[in-house]
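# Architecture at a glance
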Amino acid sequence: MVDKMEKAVSAPVATPGIYNLGEPLRFKDVEQISGFVAETANPGQVVKVWTRHALISDEPLFHWLVDSLDGVIRHMAQKAGVGVSLRRADTVLLIIKPDNTAELWMDTAAVAVRCAVKRVIGTHTAVFEKDIADVTGMSFPCVEIGAEDKVFCIFREGWGFGLAFDFNPKGQLDLEGFQSLLGMLHRQLRYRHLYQAVTDPVVFGTLVAAGWFPFVEIITSEFRELARQAESGSDIAEIEPKIIAAFDAARLGSLFERWTAKPHFAARATLLKEAVEAFTDQKPASVIKIILTEIEGVLNDAHKAVNDGQGAKIRDLLAFAQASAEKLAGGPDTLFFPDAFGRYLSAHTFANFDPVAGTGTAGSRHAVGHGAASQDSYTMTRALQAILTIDQLAFYT
């Protein structure tokens with residue numbers, strides 16, 4: 001039954017002024033749910049049961065599981081004499097306690113989204129979409145969730161829903177892991193256009209052929225328009241002047257500060273500053289010559305720092321960059337797109353060229369280093385792509 005008298009118990013508030021919007025519905029004498037059956041089984045037959053999972057509403061399984069949970073919650077509510085409809089809620093959090101009580105939070109629990117950001121942001125400072133580099137977690141900071149609790153969450157993001165649950169069969173809830181699952185779902189829903197661009201071979205191939213990638217600096221700003229151009233088959237070159245114009249001295253200065261905060265970049269500060277100033281002065285050849293020849297050095301220094309001073313060849317350096325990004329971001333499925341960036345580096349920045357056929361362009365470090373890039377390929381577009389490539393490595397290493 002619903003306990004209407006007892007006040008909600010909240011964990012200590014992490015930040016003063018952050019509170020839940022209301023109380024949860026509290027139920028008693030709740031049956032303990034063990035999970036969701038993964039397959040049909042006859043009596044006495046061994047059956048697989050999902051006890052921990054995360055998925056978005058694009059997947060057919062989502063609707064089966066949500067309909068099942070909706071039935072369970074409706075049954076709890078009917079026993080308590082109250083009406084509940086999950087369909088009208090944006091965020092639903094169900095917590096089942098080991099003493100057979102439960103809390104149902106429906107759009108009343110405070111929500112915190114953990115993000116990696118592109119710049120230094122002070123306490124109580126507004127964060128804008130353009131500041132976000134990645135989404136790594138989602139939590140309920142004012143809700144008490146115990147180690148023996150079972151948790152289930154459905155939330156809306158944009159035009160889709162995320163679903164995650166952990167029925168905690170061992171009584172040792174990995175709350176941090178659950179919050180990371182919610183962050184992954186939030187990321188996939190909010191930035192689905194990025195995932196679609198990277199996973200679609202035609203769109204991604206078109207972007208890479210033009211030298212573009214969902215670089216961290218542009219994922220929440222200019223990249224959306226780039227992806228639309230590629231998806232529609234329109235000429236990407238049409239919007240490139242607008243993107244180049246968006247990188248004024250102030251924005252480039254922010255990038256430079258980010259680079260020099262890393263030791264393996266700081267050792268090249270003078271050269272990198274010259275490259276940034278050359279871009280502002282619209283001297284793409286100088287930008288490209290400096291940046292593309294320094295990328296390998298940056299990677300090598302980062303590799304030496306964690307491998308007892310041992311350097312590596314470019315093939316191993318690219319694998320190192322990908323592994324470093326996955327480690328820093330907490331996995332391969334993040335907005336850093338380490339696997340896709342590895343493919344981009346191999347197919348574009350470190351692409352091989354045919355010196356006889358003269359196929360080298362200023363987008364290729366090998367062609368530039370061997371003086372084999374055609375003069376007309378030293379463009380401001382290629383210069384910006386080189387800057388964004390080395391900027392990406394500042395997040396990776």
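Located above this text is the structure these notes cover.
Notes on the structure in this doc start here. Residue positions within a chain follow its written sequence, with the count starting from 1. Side-chain atom pairs in this predicted model are given and counted only at pLDDT of 80 or more, local residue features only at pLDDT of at least 70, and totals for whole chains, interfaces and linings cover all residues. Side-chain numbers here rest on the full set of heavy atoms in the structure, without hydrogens or water.

Quick look at the environment of L252 now. Under the DSSP-based scheme used, a helix requires at least four consecutive residues in state H or I and a strand at least two consecutive residues in state E, with every element numbered from the N terminus. Examined against the element boundaries, L252 turns out to sit in helix α7 (residues 249–260). The cut-offs for exposure are 20% and 50% of the maximum accessible area for each residue type, with area from a 1.4 Å probe on protein chains only; residues under the lower value are buried, those over the upper are exposed, and the others partly exposed. Given a relative accessible area of 1%, L252 falls into the buried group. Along the primary structure L252 and L65 are separated by 187 residues, whereas in three dimensions their C-alpha atoms are 47 Å apart. Setting aside its immediate chain neighbours within four residues, L252 contacts F247, V276, F279, T280 and I387. Residue contacts are defined here by distance: any two heavy atoms, one from each residue, within 4.5 Å place the two residues in contact.

What follows is about the pattern of salt bridges. Salt bridges are identified by distance alone: a Lys or Arg side-chain nitrogen within 4 Å of an Asp or Glu carboxyl oxygen. With the rule as written, the count across this model stands at 20 salt bridges. Across the pair E157 and R190 runs a salt bridge whose closest N-O atoms are separated by 2.8 Å. Of this pair, E157 sits in strand β9 (residues 150–157) while R190 sits in helix α2 (residues 175–190), and the two are 33 residues apart along the sequence. Three or more residues joined by partner-sharing salt bridges are found here, namely E217, E222, R251, R258 and D391.

In this section: the packing of aromatic side chains. Geometrically, a pair of aromatic rings is defined through the distance of the ring centres and the angle of the planes. Two rings from Phe, Tyr or Trp (for Trp, the six-membered ring) form a pair when their centres sit within 6.5 Å of each other. Planes less than 30 degrees apart are called stacked, planes more than 60 degrees apart edge-to-face, and all others tilted. Using the criterion set out here, one finds 16 aromatic pairs in the structure. Plain terms: the ring middles of F152 and F167 are 6.5 Å apart, the flat faces sit at 45° to each other, and that makes the pair tilted. Of the two residues, F152 is situated in strand β9 and F167 in the loop between β10 (160–166) and α2; the sequence distance between them amounts to 15 residues. Here F152 matches F167 in class, with each residue buried. Where F336 meets F395, the ring centres are 5.9 Å apart and the plane angle is 50°; that geometry is what we call tilted. Of this pair, F336 sits in the loop between α11 (314–329) and α12 (338–349) while F395 is found in helix α14 (residues 380–396), placing the two residues 59 residues apart along the sequence. Neither residue differs from the other here; F336 and F395 are each classed as buried. Three or more aromatic residues joined by ring pairs form one cluster here, namely F204, F213, F215, F336, F341, Y344, F395 and Y396. Taking the ring centre of F247 as reference, the NZ or CZ of R251 above it sits at 3.9 Å. In this analysis the charged atom, NZ for Lys or CZ for Arg, is taken to sit over a ring once it is within 6 Å of the ring centre and within 35 degrees of the ring normal.

For the rest of this paragraph, the subject is the nonpolar core. Here, nonpolar core refers to any group of buried Ala, Val, Leu, Ile, Met, Phe, Trp, Tyr and Cys residues whose side-chain atoms link them within 4.5 Å. Counting 75 residues, the largest nonpolar core has L207, W212, L226, F247, W259, F279 and I291 as its most contacted members. Element by element, the count of residues in this core is highest for α14, at 11 residues. Beyond its immediate sequence surroundings of up to four residues, W212 is in contact with L207, I218, L226, I236, E240, I243, Y344, T381, L384, Q385 and L388.

This part is about helix α9 (residues 269–280). The end-to-end C-alpha distance of α9, which contains 12 residues, comes to 17 Å, matching closely the 16 Å that a straight helix rising 1.5 Å per residue would cover. Residues of α9 that are buried include every one of L272, A275, V276, A278 and F279, and no others. Viewed end-on, α9 has its buried residues packed into an arc of 160°, placing them on one side of the element. Where α9 is buried, its residues contact α6 (240–245), α7, α8 (263–266), α10 (284–306) and α14. A helix's residues, less one, multiplied by 1.5 Å, set its expected span. As used here, the arc is the angular range of directions from the helix axis to the C-beta atoms.

Once that is clear, we can look at the sheet that holds strand β5 (residues 91–96). For two strands to be treated as a pair, DSSP must find at least two bridges joining them. With antiparallel pairing, the six strands of this open sheet are ordered in space as β1-β6-β5-β9-β10-β4. The outermost strands of the open sheet, each flanked by one partner alone, are β1 (25–27) and β4 (52–56). Between one strand and the next, the sheet's axes are offset by a mean angle of 10°, whatever the strand orientation. Running at roughly 70° to β10, helix α1 (residues 60–80) makes contact with β1, β4, β5, β6 (102–106), β9 and β10 of the sheet. Every axis corresponds to a line fitted to the C-alpha atoms, with the helix fit spanning only the stretch in contact, and the corresponding angles, defined between N-to-C directions, vary from 0 to 180 degrees.

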